[in-house]
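The lines below spell out each chain.
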Amino acid sequence: MPSEHPDQEMEGPSADQQGDAVSLLEAERIAEALVFASAEPVSEAFLAERLPQGAPVATVMQGLAERYVARGVNLVRSGDRWAFRTAPDLSFVIRKDDNEVRKLSRAALEVLAIIAYHQPVTRAEIEEIRGVQTSRGTLDVLMEAGWIRFRGRRRSPGRPVTLGTTPDFLDHFGLEELRDLPGLDELKGAGLLSGRIPPNFQVPIPSMSDELTEDEDPITQLDLEELGLLTPSGEEEE
C-alpha cells in the first residue's frame, strides 16, 4: 500500500548524519597519518589526544582496519596499540636483513613461554616449572629483545621480582592480547606438545591485566638500583 507521505520515503541522510560521516572520515585520515608516521605501535590514548574531540577511537580504528583488510599492509591491534604490518600472506616476499636477530635458544623459548602463560611469575617459579636453573643470561636476552619486563616484587620472603611480558611481545608475535596465545588443541596441532602428556594437563590461562596483583608491590628506584638497572644516582646504566 503506498505511503501517505511519499516525500518522507525519498529523504536522504540528514545534515547531521552527513556531518557525522564526514567527521568520522576525517578522524580516520588523521589516525591513519599518525600510525603511518610512527616508528612504534601507537596507543589508543595517544590517538584520543590527537583526534577531534569526542571522536570514538575504537570505532575509528576498526573502520580504518577494515579498509586495509585486502591491502598489502594491514592495520593490526596489539593490546591497546595499533600499527601497520605486512599482510601475513605476503610476508614471504619481504627480504630479510642478513643481520637478523639470532634465534632464541631452547632455554630462552621455554622461559618466554612460561612467563607468557604464568605471569606474574618469579625466577624461582620458572625454575620449578622447568626443573633446571635459569641463567641470568637467558633473562637478559629476553629483556634486550624487549619481550619481558620486571612487573613488581612478590609479597613473600625475600621479595622476589615478578616478571611479565610487554606490548612489544604481543606486537612481535602478532597477538592482539594475551588470550590469543595458543591453547592446548592448537599446541597439539602444531606438534609442540608430545602425545604422552598427562591426562589432566591444562595449558594455563594467562593474566589479562597489567595491573599489579594483590601479592605484588611496585618496583621502586631502590629496587632498580638493587637489580642493576639504575646507578645509585638514579641514571640508567648504558
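Going by the structure above, here's the rest.
Attention here is on the structure that accompanies the text. It should be emphasised that the depicted structure is a prediction, and the values quoted were computed from it without experimental measurement.

1. Observations regarding the packing of helix H5 (residues 106–118) against helix H7 (residues 136–145)
- Interaxial distance between H5 and H7 falls to 10 Å at its minimum, and their mutual angle equals 70°. Taken together, the axes of H5 and H7 are roughly perpendicular relative to one another. Where H5 crosses over H7, the two elements pack in a sense that is right-handed. Packed against H5, whose contacting residues are Ala107, Ala108, Val111, Leu112 and Ile115, the element H7 presents Thr138, Leu139 and Leu142 at the interface.
- A per-class count over the contact of H5 with H7 returns seven nonpolar, one polar and no charged.

2. Some points on the packing of H5 against helix H6 (residues 123–130)
- Here H5 crosses H6 at 115°, and the two axes come no closer than 10 Å. As judged from the angle between their axes, H5 and H6 are roughly perpendicular. Judged by the sense of rotation from one axis to the other, the crossing of H5 with H6 is right-handed. When H5 is examined against H6, the residues Ala107, Glu110, Val111, Ile114, Ile115 and His118 are found in contact with a partner set consisting of Ile126, Ile129 and Arg130.
- Residue classes in the contact of H5 with H6 are distributed as six nonpolar, one polar and two charged.

3. A few points about the packing of aromatic side chains
- Under the defined criterion, the tally for this structure stands at three aromatic pairs.
- Both rings, one in Phe169 and one in Phe173, keep their centres 5.1 Å apart while their planes meet at 50°; by these two values the pair is tilted.
- What links up through ring pairs into an aromatic cluster is the set Trp147, Phe169 and Phe173.

Calculation criteria
Residues numbered from 1 in each chain as written. Predicted model: local features only at pLDDT ≥ 70, side-chain atom pairs only at ≥ 80, totals over all residues. Heavy atoms only, no water. Axes fitted to C-alpha atoms, helices over the stretch in contact; angles between N-to-C directions. Helix = DSSP H or I, 4+ residues; strand = E, 2+ residues; numbered from the N terminus. Parallel < 35°, antiparallel > 145°, perpendicular 65-115°, else oblique. Left-handed = near helix turned anticlockwise from the far one by under 90°. Contact = heavy atoms within 4.5 Å. Nonpolar A, V, L, I, M, F, W, Y, C, P; charged D, E, K, R; others polar. Phe/Tyr/Trp six-rings, centres within 6.5 Å; stacked < 30°, edge-to-face > 60°.

Honestly, that's just the spatial picture; any functional story needs more than this.
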